[in-house]
Amino acid sequence: MKRFALQAMRACGMFSLARAMSGKMARILMYHNFSGPGGTASGALSAEATRAQFNYLRRHYRVVPLLQIAAQLATGQKLDPYTVALTIDDGRRDFYEFMFPLLKEFQFPATFFVVSSFIRGEDWIWTDKVAWLSQQPNHPPALAAGKLDQVFRSLNLMRPEARNAQIHVMAESAGITIPSQPPTKYAPCTWSELREMADSGLVDIGSHTVTHPILSSISDEESWQELKNSRDQIEEGMERKPGSFCFPNGMPGDFRPTQIQQIAEAGYTCSVVASFGMVSNGADPYRLPRLGMGSKSDPIEFSKFLDGVAYYQRKLAASLRRRSQ
């Protein structure tokens, strides 16, 4: 029924109207995981779905580097109409394997935010450990179907040492040993692969911290080290400084105003969050909202969010709530 309603809206021109109404706002798309042709892995966008999204983007939008949008905001220029920036979080190798070939084919730029300790092989990302645990046949009871989001909300509030201890307790409760190295699905890119992508002129490497902590769970002194050291480590591995930053998780409450100021002080020119929204003229380049597209394998669902239908639906719902109060 929902899909039928969306098809009816598109057929009567509502998608085109929303796209025109929101044309002066930029879109920053957010992705995480990818799979090859015929891939069905949960949470991973298949090569076919990625290609369908790229074809739609090519027909209706201009894909530009994230730093171009940030530069226009910083200098007070008006944003170019119908612009889109692609961003990918974490640093997994499936981006290099499955999305990078499509970026080259379509000649689309993208920003790849990497966790520097992950790329350096020092550890794998804690959120992936939890996801991996939930996928084991004898997974911990706390990670049963429908409970994963609640577990992540709880872990996000903990300091890193307490969070890591809790993940270890969950694994032990199910008799599972977490591998020291990430399974293939969660493997990182190498520095040479990152340099290859950067040298193509299509991929800009940004920072996603050193160890992927939720910044509000640590002190300002600790967050400064995460910001500065990740930038230094990426520069060492890439021989170029990253210009952009991505907040881990990046939802309201995951960072403090003082930490936003730190991002500028550490030398980054912009940062992105995970809050839903589009980028208007005059937006804060250090709080850039994004549209999550990694789960939008249905083309009509993708266009609903990209064209602005979901944006205006949310604005209308918020207006109705205010009136009812």
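Residues numbered from 1 in each chain as written. Predicted model: local features only at pLDDT ≥ 70, side-chain atom pairs only at ≥ 80, totals over all residues. Heavy atoms only, no water.

Caption draft 1: Summary view of helix α7 (residues 126-134). The element α7 is largely enclosed, with a buried count of nine among its nine residues. Buried residues along α7 sit against α8 (148-156) and α9 (160-173). (Buried < 20%, exposed > 50% of the residue type's maximum accessible area, 1.4 Å probe, protein only. Helix = DSSP H or I, 4+ residues; strand = E, 2+ residues; numbered from the N terminus. Contact = heavy atoms within 4.5 Å.)

Caption draft 2: A look at helix α13 (residues 299-306). α13 sits mainly inside the fold: seven of its eight residues count as buried. Capping the start of α13 is the job of one residue whose side-chain oxygen sits 3.1 Å from the backbone nitrogen of I300: D298. In the segment just after α13, G308 is the residue with positive phi, at about 105°. (Polar contact = N/O pair within 3.5 Å; in protein donor to acceptor, adjacent residues only side chain to side chain.)

Caption draft 3: The arrangement of the environment of L17 in detail. Position of L17 among the secondary structure elements: in helix α2 (residues 14-21). The spacing of L17 and D307 is 290 residues in sequence and 8.6 Å in space, taken between C-alpha atoms.

Caption draft 4: Focus on the pattern of salt bridges. The final tally for this structure, using the stated rule, is 18 salt bridges. Between E122 and R120 there is a salt bridge, and its shortest N-O distance comes to 2.7 Å. Accessibility expressed as a relative area gives 48% for E122, which makes it partly exposed. Judged by relative accessible area, which is 36%, R120 ranks as partly exposed. A salt bridge links D284 to R287; the nearest nitrogen and oxygen atoms lie 3.7 Å apart. Look at D284 and you get partly exposed, because its relative accessible area is 34%. Under the relative-accessibility criterion, R287 is labelled partly exposed at 41%. One connected set of salt bridges, linked through shared partners, spans D90, R92 and D128. (Salt bridge = Lys/Arg side-chain N within 4 Å of Asp/Glu carboxyl O.)

Caption draft 5: A look at unusual backbone geometry. The phi angle at D90 is positive, at roughly 100°, despite the residue not being glycine. Phi at E239 takes a positive value of approximately 60°, unusual for a residue other than glycine. Note on placement: E239 falls in the loop between α11 (220-238) and β8 (244-246). Looking at E239, the relative accessible area reads 72%, which means it is exposed.

Caption draft 6: Structural view of the pairing of strand β6 (residues 110-114). Across the five residues of β6, five count as buried, placing the element largely inside the fold. Neither face of β6 is open: one carries A110, F112 and V114, the other T111 and F113, and all of them are buried. In this sheet, β6 lies alongside strand β5 (residues 83-90) in parallel orientation, the contact comprising four bridges. The partner of D90 across the bridge, within β6, is V114. Pairing geometry for β6 and strand β7 (residues 203-207), over five bridges, is parallel. When the bridges of β7 are listed, V114 appears paired with S207. (Pairing = 2+ DSSP bridges.)

Caption draft 7: Summary view of a nonpolar patch on the surface. On the surface, M14, L17 and M21 cluster together into a nonpolar patch covering about 280 Å² of accessible area. Classification of L17 as partly exposed rests on a relative accessible area of 43%. (Patch = residues over 30% accessible without salt bridge, like charges linked within 9 Å, V, L, I, M, F, W, Y side chains within 5 Å. Areas by Shrake-Rupley, 256 points an atom, 1.4 Å probe, with all protein chains shown as cover.)

Caption draft 8: How the structure looks around the nonpolar core. Membership of the largest hydrophobic core comes to 41 residues, with the highest contact counts inside it found for L29, Y31, L57, L86, L103, F112 and L194. If one sorts the elements of this core by residue count, helix α5 (residues 93-106) sits on top with seven residues. Apart from residues lying up to four places away in sequence, F112 is in contact with I88, G91, R92, F95, C189, L194, M197, V203, D204, I205 and G206. Residues V115, W126, M170 and I214 belong to the second largest nonpolar core, which totals 20 residues. (Core = buried A, V, L, I, M, F, W, Y, C linked by side-chain atoms within 4.5 Å.)

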